[in-house]
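Structure at a glance
Here are the chains, one letter per residue:
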Amino acid sequence: MICVPKSFVFFKTPFGGKGPVAFRGVSTWCFLVLGILVLVVAVDFGWAPAVGVADQSPIYMTFDVHVDPVTNGFPVSGKRAVYEERTDNLAWVLDQTEPLDIPISFLSGGWYMEMLVEEGPSGVGAQVVRRMYGSGGQIGSPPRTPAPGPQIGSHSHNEYQVGKFNWPSFTGTPNLVESRKSWQDNISWVNRGIETAFWGSPPEPVSEINNVKGSHLPKSEEEYHTLMEEFGITVREPGPEEDYYGYYGHHIWNPFRPSTENAMAEDLSAPFVQVVSGPVIGEVGIHHGTLQDMSAESVKRQFLQLYVNWRHAERSNAPEKVWTWGWGAHAHNFSPGSDSRADLLDVVGWLEDNFRDRVEPTGTPVMEYATQIDVGEAYEIWEAANPGESSFSFDSLSVDWDEYPYLVPVAVAMEDHLWEADLDLGCGIDAFHLDKAGDDAVVMWRELGLSRVDLSDIFSTTVSVLGLETGNIYGLSVNPANVLVTTEPLFVAEQLPALLLGKPPRNSYARFHAVPEPASWVLLALTLAFVLPSRNGRSTPSQPSA
Ligand SMILES: [Zn+2]
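Residues numbered from 1 in each chain as written. Predicted model: local features only at pLDDT ≥ 70, side-chain atom pairs only at ≥ 80, totals over all residues.

A word on the overall build of the protein chain
Stated precisely, the cut-off is as follows: What counts as a helix is a DSSP run of H or I of at least four residues, what counts as a strand is a run of E of at least two, and both are numbered from the N terminus. Partly exposed residues are those falling between the two cut-offs: more than 12 but fewer than 20 other C-beta atoms within 10 Å of their own, whereas 20 or more means buried and 12 or fewer means exposed, with C-beta atoms placed from the backbone.
Check the secondary structure of the protein chain and you find 14 helices and 20 strands. The proportion of buried residues among the 546 residues of the protein chain is 46%.

In structure tokens, the structure reads:
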């Protein structure tokens, strides 16, 4: 349905256009005819939502929680205190996520599981591990495709075991034998921890539960691949691929089999899947050598970027991919009063409000929480259906918009913005107020149809309007009280980045299929071609009611 606007701003496209034309006071009958014309044009073009076409799987959101090594210089009593503190934090996380059925991608160091084993199956650590296991397998319920994947994986740095509760670290560049020793000690203790938590009888083989590995060793990617193969682990914890944020201001959104040459490039013959995600929620700082903003405000903006890309793939019937993202944290990040606690609740609540239950007009659900094991399995199912197909690859290790596989306008326009507020503009419009160092921006769209919105509460000057799918600039000095919104997500700001003006890079997003129904902007241009004469004297000041 169409929200009839009170007045119009007509944006011409930037390429050959003369700039925006604004006019007010279009008569009521004009809008009645306008509405009819839109319907006629829609019928002529066979314009209808592509109901039933569901090409993309939902966006799989992962929440990684892992237990880092403890300082080995601590006395055993000190290590036990750290164990108890981290266990308390893990229980707090589960208290938040269990009522919402959010699965945790849990990974632990061997030292923590050694403490758990000593405490026994009735201890608090074993309870937490059982709850972590029980949190998994929420995906695609029912029928579940891929199958549920509860996860208790193994995470280690450089540490290995030399005796009871004694875990020193290798220094320098440990060789493959030393790295193997570190993996063996940590993986074995995670297995024993799982067995203990389930009184010796885990619900499935430990090798299936403990099937994700994150480790600082070996330093050589080739050796890392060797050990993944030796230990038969099929999913790598997110981390090495985070550097993408340093190039494009967001993380990778598709899992892939990584190359030994470059952790962000693809090698379809690799023995494991790299799941992709952001680092610690609530932290802004250098992680893995790259400055990354994982504050709640940045996570929300990044999710909007991901959603606009995913929605475009869905709307344009692009070939199916596995889409995924998420955030991580260590158990120690969730101490009472921490930024990670506050930002976790903020982000989870926002996703519940805006996206958790959202279904596209095609019938496709937007997002599902999943474990890393689930994402690995979703990738393998996709891979089997698309043999030889690339999922994702970043080969150049430099900003190259021709190579960039997502929507360029989304990356360029929205980079470094922080979410400020959800906007209620009525008419079923989704709108979000963003901010970048004091400069306001709005991202907004409608599922169907078009309507006028008034953004003058946010902008006191004229604004520029950018189409986030096409890269079209619909106006460079538009009255913020009269901005048209339609199905293509728009980016509205006082100024657009220079890269998007003139001849912006378009190659990459042109690879996506065009949205099949005539874009609403085409309808808009046609309706304005009809309305335009009224500007020359026929219209009366009377305004239709919205
Ligand atoms: Zn770690």
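From this point, the narrative continues.
Digging into the packing of helix α9 (residues 296-315) against helix α10 (residues 339-354)
Using the following cut-off: Axes, fitted as lines to C-alpha atoms, cover a helix only where it is in contact. Angles between the N-to-C directions of the axes lie from 0 to 180 degrees. Roughly parallel refers to an angle under 35 degrees, roughly antiparallel to one over 145, roughly perpendicular to one between 65 and 115, and oblique to any angle outside these ranges. Crossing chirality is assigned from the near helix's rotation relative to the far helix, an anticlockwise turn below a right angle marking it left-handed and a clockwise turn marking it right-handed. Distance between backbone-placed C-beta atoms decides contact: two residues are in contact if it is within 7 Å. Polar here means any residue outside two lists: the nonpolar Ala, Val, Leu, Ile, Met, Phe, Trp, Tyr, Cys and Pro, and the charged Asp, Glu, Lys and Arg; Gly therefore counts as polar.
At a minimum axis distance of 9 Å, the contact between α9 and α10 shows a crossing angle of 30°. Judged on the interaxial angle alone, α10 and α9 are roughly parallel. As α9 packs across α10, the resulting crossing turns out to be right-handed. In contact with A296, V299 and K300 of α9, α10 contributes D343, D346, V347 and W350. Partitioning the contact of α9 with α10 into residue classes produces four nonpolar, no polar and three charged.

Some points on unusual backbone geometry
L217 connects to P218 through a cis peptide bond whose omega is -10°. Here P218 lies in the loop between β6 (212-215) and α7 (221-231). Notably, D416 is not glycine yet its phi reads approximately 65°, a positive angle. Judged by the 11 C-beta atoms lying within 10 Å of it, D416 is exposed. In this structure, C427 takes a positive phi of about 55° despite not being glycine.

Regarding helix α11 (residues 372-385)
Formally: Expected span, for any helix, means 1.5 Å times one less than how many residues it has.
The end-to-end C-alpha distance of α11, which contains 14 residues, comes to 20 Å, matching closely the 20 Å that a straight helix rising 1.5 Å per residue would cover. Considered for burial, the residues of α11 that qualify are Q372, I373, D374, V375, G376, E377, A378 and Y379. In this fold, the buried residues of α11 make contact with β3 (59-67), β4 (105-108), β6, β7 (235-236), β8 (273-274) and β11 (324-330).

Section: the pairing of β6
Test applied: Note: two strands are recorded as paired if DSSP finds a minimum of 2 bridges between them. The handedness of a crossover follows from its direction of travel: if, with the strands pointing away from the viewer, the path from the first strand over the helix to the second runs clockwise, the crossover is right-handed.
Residues V212 and G214 of β6 are buried on one face, and the alternating residues K213 and S215, pointing to the opposite face, are buried as well. In this structure, strand β5 (residues 152-156) lies alongside β6, joined through three bridges in parallel fashion. Pairing of S154 across the sheet is with K213, part of β6. The pairing of β6 with β7 spans two bridges and is parallel. Directly across from K213, in β7, lies its bridge partner R236. Read as a crossover between parallel neighbours, the route from β6 over α7 to β7 is right-handed.

Some thoughts on the sheet that holds strand β14 (residues 429-436)
Here six strands make up an open sheet; going across it, the order is β13-β14-β15-β20-β17-β18 and the pairing antiparallel. With one partner strand each, in any of the chains shown, β13 (418-423) and β18 (473-478) form the two edges of the open sheet. Between one strand and the next, the sheet's axes are offset by a mean angle of 20°, whatever the strand orientation. Taken strand by strand, α9 contacts β13, β14 and β15 (439-446), and its axis lies near 70° from that of β13.

A look at α10
A rise of 1.5 Å per residue sets the reference length of α10, with its 16 residues, at 22 Å; its end C-alpha atoms lie 22 Å apart and thus fit the reference within 8%. Taken together, the buried positions of α10 are occupied by S340, R341, D343, L344, V347, V348 and L351.

So, the environment of M444
Relative to the helices and strands, M444 is located in strand β15. Residues in contact with M444, not counting those within four places in the same chain, are L425, I429, D430, A431, V485, P489 and L490.

Side note on the confidence of the model for the protein chain
How we decide: The predictor attaches a confidence to each residue, and that confidence, scored 0 to 100, is pLDDT.
When pLDDT is averaged across the protein chain, the result is 85; 80% of the residues are at 70 or more. Note that pLDDT drops below 50 for residues 139-146; the model gives that stretch twelve contacts with residues more than four away or on any other chain. Confidence drops under a pLDDT of 50 for residues 507-513, and excluding neighbours within four residues, the segment shows 16 contacts in the predicted structure.

With respect to the nonpolar core
Short version of the rule: Throughout this description, the term nonpolar core refers to a group of buried Ala, Val, Leu, Ile, Met, Phe, Trp, Tyr and Cys residues whose C-beta atoms join them within 7 Å. Delimitation of the domains relies on an automatic or database domain assignment.
One finds I59, V129, V443, L490, F491 and V492 to be the most contacted residues of the largest nonpolar core, which totals 118 residues. No other element matches α9, which puts eight residues into this core. When residues of this core are sorted by domain, at least three fall in each of domain 1 (8-49 + 417-505 + 520-527) and domain 2 (59-385). Those residues in contact with L490 that lie beyond four places of it in its chain are M444, W445, V465, L466, G467, L468 and V485.

So, the environment of Q292
For Q292, the position within the fold is in strand β10 (residues 290-293). For Q292, a count of 24 C-beta atoms within 10 Å puts it in the buried group. On a C-alpha basis, the gap between Q292 and E242 in space is 8.7 Å, while along the polypeptide they are 50 residues apart. Residues in contact with Q292, not counting those within four places in the same chain, are E242, Y245, G278, P279 and H287.

So, the environment of D339
Tracing the chain through its elements places D339 in helix α10. Along the backbone, D339 and E283 are 56 residues apart, and their C-alpha atoms lie at a distance of 7.3 Å. In this structure D339 touches G282 and E283, once residues within four positions along its chain are discounted.

Remarks on the pairing of β10
In this structure, strand β9 (residues 284-287) lies alongside β10, joined through four bridges in antiparallel fashion. What sits directly across from V284, in β10, is D293. As consecutive antiparallel partners, β9 and β10 are separated by two residues, and within that stretch H288 has a phi angle of approximately 55°, a positive value.

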